Amino acid sequence: MPCFSLRGCYNMARRKYWAIIDTETTIESTIADVAIVICDRHGKIYKSMAVLIKGEFDAKELFYDPKDNGFWGKEAAKKRKANYVKMLNEGTRMLASVSAVNRWIDAAIAQYQPELTAFNLPFDRDKCIRTNIDLSGFPSSFDLWGAACGNICVTKGYKQFCLENHQFTNRTEYGNMTMRTNAETVFGYLHGQLIDEPHTALEDLAFEVPILTKVLSSKNWRDKAQAFNWREFQVKNHFVAK
């Protein structure tokens with residue numbers, strides 16, 4: 001569509017987009033479930049994709065921790081897989097090849113030139129490499145977890161939320177106890193209430209888009225971003241008894 005307004009053309013040129021990716025993995029550290037949304041700084045979604053990877057989801061076990069008896073345990077992994085099968089049967093997910101995912105990514109990059117991010121981008125990038133999903137075409141990227149740590153998790157309000165909702169790891173044998181900075185806790189703070197992540201790729205992005213918009217609304221957010229360091233979030237260093 002031609003642009004008849006200089007102001008309109010300028011605004012279109014200035015508009016920026018972000019691609020947020022989330023993955024769920026197999027026991028072999030490849031991707032079973034992947035989702036990407038393209039959004040603007042206000043969280044408006046322009047394009048999305050969520051698929052189960054053919055040859056990975058249908059051929060391998062989902063990730064599980066043999067020492068875990070809860071959500072990430074082996075028995076729970078079977079239930080999670082059954083839930084995915086239900087999603088396939090209901091049409092809310094489909095199986096897709098890696099090449100189809102890469103074609104979608106190429107088209108999204110060509111149309112929007114988005115900056116890539118994820119909550120723990122190094123993890124998702126590594127799993128994409130292992131699965132041959134190509135993220136190399138994105139013009140730039142940053143880790144949303146690090147941006148959240150430096151712009152949200154250091155605030156007094158966030159620390160108070162962690163205190164009121166006991167968002168701390170268990171105390172270690174060395175006396176360390178760490179404030180949680182995961183997406184579930186950060187979203188809970190922004191939302192005003194903790195909600196359990198379903199740990200399915202597309203649905204988890206509903207937690208991460210609001211985190212992105214909050215980060216982007218912060219002044220000089222890139223300068224304040226910091227990679228997560230557990231030593232910086234020790235409870236004993238942030239709470240002093242009266």
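Now for the layout of surface pockets. If you add up the space inside the largest pocket, you get close to 790 Å³. No other element matches the four residues that strand β1 (residues 18-25) contributes to the lining of the largest pocket. In terms of residue class, the lining of the largest pocket is built from nine nonpolar, 10 polar and 10 charged.

A word on the state of the cysteines. Under the defined criterion, the tally for this structure stands at zero disulfides. Here Cys39 stays free of any disulfide, with the sulfur of Cys128 as its closest cysteine sulfur at 17 Å. According to the relative accessible area criterion, Cys128 is buried, its value standing at 0%.

One non-glycine residue with positive phi stands out, namely His199, at about 60°. Structurally, His199 can be placed in the loop between α7 (183-191) and α8 (201-216). You can call His199 buried: its relative accessible area is 19%. The residue Asn220 is not glycine, and still its phi comes out positive at about 55°. With respect to the secondary-structure elements, Asn220 resides in the loop between α8 and α9 (221-224). Judged by relative accessible area, Asn220 falls into the partly exposed class, the value being 47%.

Now for the side chain of Glu115. With respect to the helices, strands and loops of the structure, Glu115 is situated in strand β5 (residues 115-118). For Glu115, a relative accessible area of 2% gives the class buried. A polar contact of 3.2 Å, which involves the side chain of Glu115, links it to the side chain of Trp18. There is a polar contact of 2.7 Å between the side chain of Glu115 and the side chain of Arg222. Apart from residues lying up to four places away in sequence, Glu115 is in contact with Lys16, Tyr17, Trp18, Ala19, Ser140, Ser141, Phe142 and Arg222.

Our focus in this paragraph is the packing of aromatic side chains. Evaluated as defined, the whole model comprises 14 aromatic pairs. Through successive ring pairs, a cluster of aromatic residues spans Phe119, Trp145, Phe228 and Phe233. The ring centre of Phe57 lies 4.8 Å from the NZ or CZ of Lys81, which sits over that ring.

The complete set of buried residues in helix α6 (residues 156-164) reads Tyr158, Lys159, Phe161 and Cys162. The arc that holds every buried residue of α6, seen down its axis, measures 160°, which confines them to one face. More than 90 degrees from the buried face of α6, the exposed residues found are Lys156 and Glu164. Buried-residue contacts for α6 involve α7. Positive phi shows up at His166, right after α6, with a value of about 50°.

Thresholds, definitions, all that
- Residues numbered from 1 in each chain as written.
- Predicted model: local features only at pLDDT ≥ 70, side-chain atom pairs only at ≥ 80, totals over all residues.
- Heavy atoms only, no water.
- 1 Å grid on protein atoms, 1.4 Å probe; cavity = no way out; pocket = protein on both sides within 12 Å on 5 of 7 lines; lining within 4 Å.
- Points joined across faces, edges and corners; volume = space filled by probe spheres on them.
- Helix = DSSP H or I, 4+ residues; strand = E, 2+ residues; numbered from the N terminus.
- Nonpolar A, V, L, I, M, F, W, Y, C, P; charged D, E, K, R; others polar.
- Disulfide = S-S within 2.5 Å.
- Buried < 20%, exposed > 50% of the residue type's maximum accessible area, 1.4 Å probe, protein only.
- Polar contact = N/O pair within 3.5 Å; in protein donor to acceptor, adjacent residues only side chain to side chain.
- Contact = heavy atoms within 4.5 Å.
- Phe/Tyr/Trp six-rings, centres within 6.5 Å; stacked < 30°, edge-to-face > 60°.
- Lys NZ or Arg CZ within 6 Å of the ring centre and 35° of its normal.
- Arc of directions from axis to C-beta.

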